[in-house]
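Coordinate analysis (summary)
Each chain, written out:
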Amino acid sequence: METLVYLFPQLNFFAPKEEAYFKMLCPEDLLAPRMKASNFRLKDKKSRLSLLLTKSGSHENISPEKKTATTNNNISPEAALRWRDSFEDLIRHSDGVESFSQFLRTEFSEENIEFWLACEEYKTIDSEIRLISKAKHMYSVFIEAEAPKEVNIDYASKVAIQKTMASPTNTCFDAAQSKVYSLMKKDCYPRFLTSDIYLHLTKRKGPGTTMYRRRSRSCVFNEPRGEATSDSSDWL
């Protein structure tokens, strides 16, 4: 089916003013502008949705409380209490590493334990091809400037690692791993022992949260003047 459309002469700059003409349009010609507008709106919605998903998945918008909701409830309080003996005892235990990792996520510093674990795995690689591939991956993720999980080590250590990337060895990350280990032990580990995550595992309450029940103060009125006296033993 074709549609007859009347075109005004003033819209045609080359046509005489007294001339009017007609043009036969097919239904496809009429639907084309509508389809273009519809496609534009669809692309705009997809673009907005993609932007929203990108923002919602960013590091800044992740709630630490939601991530730590999966604390391992199978850890016995006795086992958790042994982690207080030393930092070495904590990271020697797989559940200790997981609990410590959950705590670091609440401080947005989980890259430290992830780098340390990656170094432990890296030192066990015996294939030269895998060693080179793993070394370059670790450098791009943890070491180089603006890396997605850049660890806090000094510039000289970063330069030293960069020089080994052409021919990496099993020990090229040892110095950096030692610095990160010391940082976790001296800075993060003491805070972990007083965190809600650890105190929950040990079934204890944090400092300042112990509740004391107070008795009512008993008063005895002396006759006949009605003076009140109290017994100090009634206070807790």
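Structural data are supplied above this passage.
Below is a short write-up of the structure. Computed from a predicted model, the values in this text were never measured in an experiment.

Comments concerning the overall build of the chain
- If you tally the helices and strands in the chain, you get 10 helices and four strands.
- Counted from the first residue to the last, the chain has its helices and strands arranged as β-β-α-α-α-α-α-α-α-α-α-α-β-β.
- If you take every contact in the chain between residues at least 6 apart in sequence, the share linking residues at least 24 apart comes to 53%.
- Element-wise, carbon and sulfur atoms account for 55% of the exposed surface of the chain, whose accessible area totals about 17000 Å².

Looking at the environment of Thr202
- Its place among the elements puts Thr202 in the loop between helix 10 (196-201) and strand 3 (219-222).
- For Thr202, a relative accessible area of 5% corresponds to the buried category.
- It is 5.9 Å that separates the C-alpha atoms of Thr202 and Ala80, two residues lying 122 residues apart in sequence.
- If near-sequence neighbours (up to four positions away) are discounted, Thr202 is found in contact with Pro77, Ala80 and Leu81.

Regarding the environment of Ala147
- Here Ala147 lies in the loop between helix 7 (128-143) and helix 8 (155-164).
- We classify Ala147 as buried; its relative accessible area is 10%.
- In this structure, Ala147 is in contact with Ser140, Val141 and Phe142, ignoring residues within four places of it in sequence.

Considering the pattern of salt bridges
- What the rule picks out here adds up to 10 salt bridges.
- Two residues, Glu120 and Lys123, come together in a salt bridge whose shortest N-O distance is 3.1 Å.
- Accessibility expressed as a relative area gives 32% for Glu120, which makes it partly exposed.
- Asp187 is the salt-bridge partner of Arg191, the closest N and O atoms lying 2.9 Å from each other. In this pair, Arg191 and Asp187 are both assigned in helix 9 (residues 174-193), four residues apart and thus about one turn of the helix distant.
- On the basis of relative accessible area, Arg191 is assigned to the partly exposed category, the value being 31%.
- Salt bridges sharing common partners tie together Glu107, Asp187 and Arg191.

Definitions and limits used
Residues numbered from 1 in each chain as written. Predicted model: local features only at pLDDT ≥ 70, side-chain atom pairs only at ≥ 80, totals over all residues. Heavy atoms only, no water. Helix = DSSP H or I, 4+ residues; strand = E, 2+ residues; numbered from the N terminus. Contact = heavy atoms within 4.5 Å. Areas by Shrake-Rupley, 256 points an atom, 1.4 Å probe, with all protein chains shown as cover. Buried < 20%, exposed > 50% of the residue type's maximum accessible area, 1.4 Å probe, protein only. Salt bridge = Lys/Arg side-chain N within 4 Å of Asp/Glu carboxyl O.

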